[in-house]
Amino acid sequence: MGETLGVAVVGFGWMGRVHTRAYARLPHHYPRLPLRPELVAVAEEVPGRAEEAAGQYGFGMATRDWREVAADPRVKAVSVTAPNFLHREIGVAMAEAGKHLWIEKPVGLTADDTRAVADAVARAGVQGAVGFNYRCAPAVETARELIAGGGIGTVTHVRVRLLSDYAAHPEGALTWRYERARGGSGVLGDLASHGVDLARFLLGEITAVTADTAVFVPERARPAGATAGHSRASGGVPGPVENDDYVCCLLRFASGARGVLEACRVSVGEQNAYGFEVHGTRGAVFWDFRRMNELGVSRGTDYQDQPVSTVYVGPGHGEFGAFQPGAANAMGYDDLKVIEAHRFLRSIAEGTPYGATLTDAVRAAAVLDAVARSARTGAWVSPADPSAP
């Protein structure tokens, strides 16, 4: 690898660690990448956590104030993995400071927040990448190629599901995730944002939605101290859950296809049950994140009773060859973030966007805002700005 690129991570919970490991693994999987990331700085407001990160991963500087990262001329690119309510402020500031930006979804709490970050990145002329990692799975990219090539005929309908139990326990702590002012729309931003991106990635633009939402665990205990991940807080002072646990919506696509998107964070018995089923006039394609390297494919001319074959992705599918030498050797979640990191640094090196961009984030956020409006009114709603830059 060639030129060194100073990178920083702002926010060092679980996702901050995933980004850091992705940077560290880049030379192993992409040795010809012309940029070599150097871990210059880490920022985390929880006392001691940044210093711990520096000791474990080798960051040159540790701070509790992300503004020090923005002011550091050694930092050329920044991962923003802080809580959602900070994304707009930090993202805009980093772009204005001339830093390339890899920011986690949702990019802020609303579509307006996302547009503000996208506009700042465009004005600054820096690269902007967004953490829609599931589209990076080689099986998902293969499904997209199959659909685009007419392999299952004309797409008629899709079902996208994102069901999990990470918030199902009644003793789960009332963290920022459950507050509207800091966590935004709850499961809409956390899980349904991935679902919207997958639907758009596979089938194109969504033109109208109608939706229903619900809160199934209406009260949680406030934590006594700093939390990480999805901590418990038994016996704490109770407070209300302000955003949604569940969403289900119908989708209409510009192509004429129809869709169903369902997401829930309190699904007992479901652990990361993420995936999709796309049906066409001559076949279908199926993907389940829990079997990330497999793709169910049905195609042919039988129509009725047509069988489904299992395809094990291999070096000819997506970025699989950067990780494993042969089909059916498993890749994992963190590998998807290495792919994202590679595309982010390649974008910087070549000055051309690769992977999910802030354009994708703006369009997904417009759909999610439409979902929220529909849930309030019960009406079909069109995204406010489906062609936003």
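Now for a look at the structure at hand. (Residues numbered from 1 in each chain as written. Predicted model: local features only at pLDDT ≥ 70, side-chain atom pairs only at ≥ 80, totals over all residues. Heavy atoms only, no water.)

## Thoughts on the nonpolar core
Move 1: If you look at the biggest cluster of nonpolar residues, it comprises 127 residues, and the most contacted ones within it are Val69, Val278 and Trp287.
Move 2: With ten residues, the top contributor of residues to this core is helix H8 (residues 187-203).
Move 3: Excluding its chain neighbours within four sequence positions, the residues that come into contact with Val278 are Ile147, Ile152, Val155, His157, Val158, Leu202, Leu203, Gly283, Ala284 and Val285. (Core = buried A, V, L, I, M, F, W, Y, C linked by side-chain atoms within 4.5 Å. Buried < 20%, exposed > 50% of the residue type's maximum accessible area, 1.4 Å probe, protein only. Helix = DSSP H or I, 4+ residues; strand = E, 2+ residues; numbered from the N terminus. Contact = heavy atoms within 4.5 Å.)

## Digging into helix H1 (residues 14-29)
Move 1: Taking 1.5 Å as the rise per residue, H1 with 16 residues should run 22 Å; its terminal C-alpha atoms sit 22 Å apart, in good agreement.
Move 2: Roughly 30° is the biggest bend found in H1, and it falls at Tyr23, with proline Pro27 one to four residues downstream.
Move 3: Those residues of H1 that sit buried are Met15, Gly16, Arg17, Val18, His19, Thr20, Ala22, Tyr23, Leu26 and His29.
Move 4: Next to the buried residues of H1 lie strand S1 (3-10), strand S2 (35-43), helix H2 (49-57), strand S4 (77-80), strand S5 (100-103) and helix H9 (333-350). (Expected span 1.5 Å × (residues − 1). Bend = angle between axes of the 7 residues up to and from the residue.)

## Remarks on the pattern of salt bridges
Side chains carrying opposite charge are able to pair once their charged atoms draw close together.
Move 1: Tallied over the entire structure, the rule returns 28 salt bridges.
Move 2: Between Glu350 and Arg346 there is a salt bridge whose closest N-O contact spans 3.0 Å. Taken as a pair, Glu350 and Arg346 lie in helix H9 at a separation of four residues, close to a single helical turn.
Move 3: Judged by relative accessible area, which is 44%, Glu350 ranks as partly exposed.
Move 4: Beyond isolated ion pairs, a larger network of salt bridges with shared partners links Arg135, Asp197, Arg200, Glu205, Asp360 and Arg363. (Salt bridge = Lys/Arg side-chain N within 4 Å of Asp/Glu carboxyl O.)

## Notes on unusual backbone geometry
Move 1: Pro106 follows Lys105 through a cis peptide bond whose omega is -10°.
Move 2: Of note, Pro106 is situated in the loop between S5 and helix H5 (111-124).
Move 3: Positive phi values are uncommon outside glycine, yet Asn272 reaches one of about 50°.
Move 4: Tracing the backbone through its elements, the reader meets Asn272 in the loop between strand S12 (258-264) and strand S13 (273-280).
Move 5: Note on Asn272: relative accessible area 33%, which makes it partly exposed.
Move 6: For Ala328, which is not glycine, the phi dihedral falls at a positive 75°.

## Re the packing of H5 against helix H10 (residues 358-377)
Helix-helix packing is described using two parameters, namely the angle between the two axes and the distance between the axes.
Move 1: Orientation of H5 relative to H10, taken along the N-to-C sense of each, is 165°, at an axis distance of 8 Å. In terms of orientation, H5 lies roughly antiparallel with respect to H10. For the crossing formed where H5 meets H10, the hand is left-handed. On H10, the residues that touch Ala111, Thr114, Arg115, Val117, Ala118 and Val121 of H5 are Leu358, Ala361, Val362, Ala365, Ala366 and Asp369. (Axes fitted to C-alpha atoms, helices over the stretch in contact; angles between N-to-C directions. Parallel < 35°, antiparallel > 145°, perpendicular 65-115°, else oblique. Left-handed = near helix turned anticlockwise from the far one by under 90°.)

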